[in-house]
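# Breakdown of the fold
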Amino acid sequence: MQPRLSQRRSRAIRRELLYLGLCAPGLALLVLFNYAPLFGIVLAFKDFRPRDGIFGSRTVGFENFAYLFAGDAARITRNTVVMNLLFIVATLVVALSLALLLHELRARSPLLATVTQSAMFLPFVLSWVVVANLVTAFLDSGRGLVNQILGAAALPAVNWYSEPEYWPAILVSVDLWKGVGFWVIVYVAGILAINPSLYEAADIDGASRWQQIRRITLPLLLPLIVINVLLSVSKMFNADFGLFFQVTQNNPALYPTTDVIDTFVYRALTTTGDVGMAAAAGLYQAVVGLVLVTSANWYVRRRTPDNALF
């Protein structure tokens, strides 16, 4: 009996070691890019000079934070939070709606549903440089397609790259066009995982398609929706640098509505060379992001403990 128990234990250990081995590359990347850089937090409290090194540079306490909050912190924080909230809400509503429509289309024409799904996913693999050029083709003040349409309608042309009030809507539209295809696939996969017998029983009971969506699909998708929203909230202070930098062409005229923490940190490093300021902004971004995701998870855990991340 004892040798048989020992064999089962050794097989279980080998299986766990195999799983750990499969996870090793991902864990190594996580440690390398997420935990090893934590050492650089000390730069947020230093007046960093390359010739003196990190520990040789003068310690300035919270001066970098004081300078940050006295300057652009309110604007970049507002822009980062507002834009990411718009992205989260718009992506959730549009992706969920398209996933439900695509699921209905799949039941009637699987080939058309597959082609449509592939077409929606295609922009997701494009780089932001390509997307920025496409946006320019539409919004260029001289030869842009939008201004040509406005001219044909006898309406005045708009210099889009000097009018910051239009850009929240433009960036939300561009982000949706590029990224919604990925989330549609996520929600379609969630819908396909629902037991078909539930829909069959609803059909027998005379439930309409809308009633099936409202009473079966959406409640069973709720855990997936909550997890995706929580993960999005955790990244609320990490704006998509490519979107805000490439698509806006880093135009200073658009900073009132498009300047976010990531672009501010980039400029602090490339234009002023202020490493301490950039590190302070990055630490501020990380701490507030941690507070946001912890608070959101706490709220979800109080309402529906099974849907919380931790």
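Residues numbered from 1 in each chain as written. Predicted model: local features only at pLDDT ≥ 70, side-chain atom pairs only at ≥ 80, totals over all residues. Heavy atoms only, no water.

## Digging into the pattern of salt bridges
A side chain of one charge can pair with a side chain of the opposite charge when the charged atoms of the two come close. Taken as a whole and assessed by the stated rule, the structure comprises six salt bridges. One salt bridge connects Asp259 with Arg75, and the closest N-O pair in it is separated by 2.5 Å. Of this pair, Asp259 sits in the loop between helix H12 (255-258) and helix H13 (261-270) while Arg75 sits in helix H4 (residues 73-108), and the two are 184 residues apart along the sequence. Measuring nitrogen to oxygen at the nearest pair gives 2.8 Å for the salt bridge that ties Asp259 to Arg267. Given the relative accessible area of 0%, Asp259 is considered buried. The structure contains a network of salt bridges with shared partners spanning Asp47, Arg49 and Arg58. (Salt bridge = Lys/Arg side-chain N within 4 Å of Asp/Glu carboxyl O. Helix = DSSP H or I, 4+ residues; strand = E, 2+ residues; numbered from the N terminus. Buried < 20%, exposed > 50% of the residue type's maximum accessible area, 1.4 Å probe, protein only.)

## Quick word on the packing of helix H6 (residues 128-139) against helix H8 (residues 167-192)
Where H6 contacts H8, the two axes come as close as 12 Å, and the packing angle between them is 130°. Comparing their axes, H8 and H6 come out oblique. Every pair of crossing elements has a handedness; the one defined by H6 and H8 is right-handed. Of the residues in H8, those in contact with Trp128, Val131, Leu134, Val135 and Leu139 of H6 are Trp167, Ile170, Val174, Trp177 and Lys178. A per-class count over the contact of H6 with H8 returns nine nonpolar, no polar and one charged. (Axes fitted to C-alpha atoms, helices over the stretch in contact; angles between N-to-C directions. Parallel < 35°, antiparallel > 145°, perpendicular 65-115°, else oblique. Left-handed = near helix turned anticlockwise from the far one by under 90°. Contact = heavy atoms within 4.5 Å. Nonpolar A, V, L, I, M, F, W, Y, C, P; charged D, E, K, R; others polar.)

## Here we look at the nonpolar core
Within the largest apolar cluster, 43 residues are counted, with the highest numbers of intra-cluster contacts made by Trp167 and Val247. Contributions of two or more residues to this core are made by H4, helix H5 (110-121), H6, H8, helix H9 (196-204), helix H10 (209-234) and helix H11 (241-247). No other element matches H8, which puts eleven residues into this core. Filtering out sequence-adjacent residues up to four positions away, Val247 remains in contact with Trp128, Val131, Ala132, Val135, Tyr161, Trp167, Leu171, Val174 and Gly242. The next biggest cluster of nonpolar side chains, apart from the first, holds twelve residues, and it includes Ile76, Phe264, Ala268 and Ala281. (Core = buried A, V, L, I, M, F, W, Y, C linked by side-chain atoms within 4.5 Å.)

## Structural notes on H13
Among the ten residues in H13, seven count as buried, and that is most of the element. Residues of H13 that are buried make contact with helix H3 (63-70), H4, H11, H12 and helix H14 (275-303).

## A closer look at the environment of Met83
Following the sequence through the fold, Met83 ends up in helix H4. Spatially, the C-alpha atoms of Met83 and Ala169 are 9.4 Å apart, while their sequence positions differ by 86 residues. Apart from the residues within four sequence positions on either side, Met83 is in contact with Pro168, Leu171, Val172, Phe244 and Thr257.

## With respect to H8
Its 26 residues give H8 an end-to-end C-alpha distance of 36 Å, which sits within 8% of 38 Å, the value for a rise of 1.5 Å per residue. Of all the bends in H8, the greatest measures close to 50° and is centred on Gly179. (Expected span 1.5 Å × (residues − 1). Bend = angle between axes of the 7 residues up to and from the residue.)

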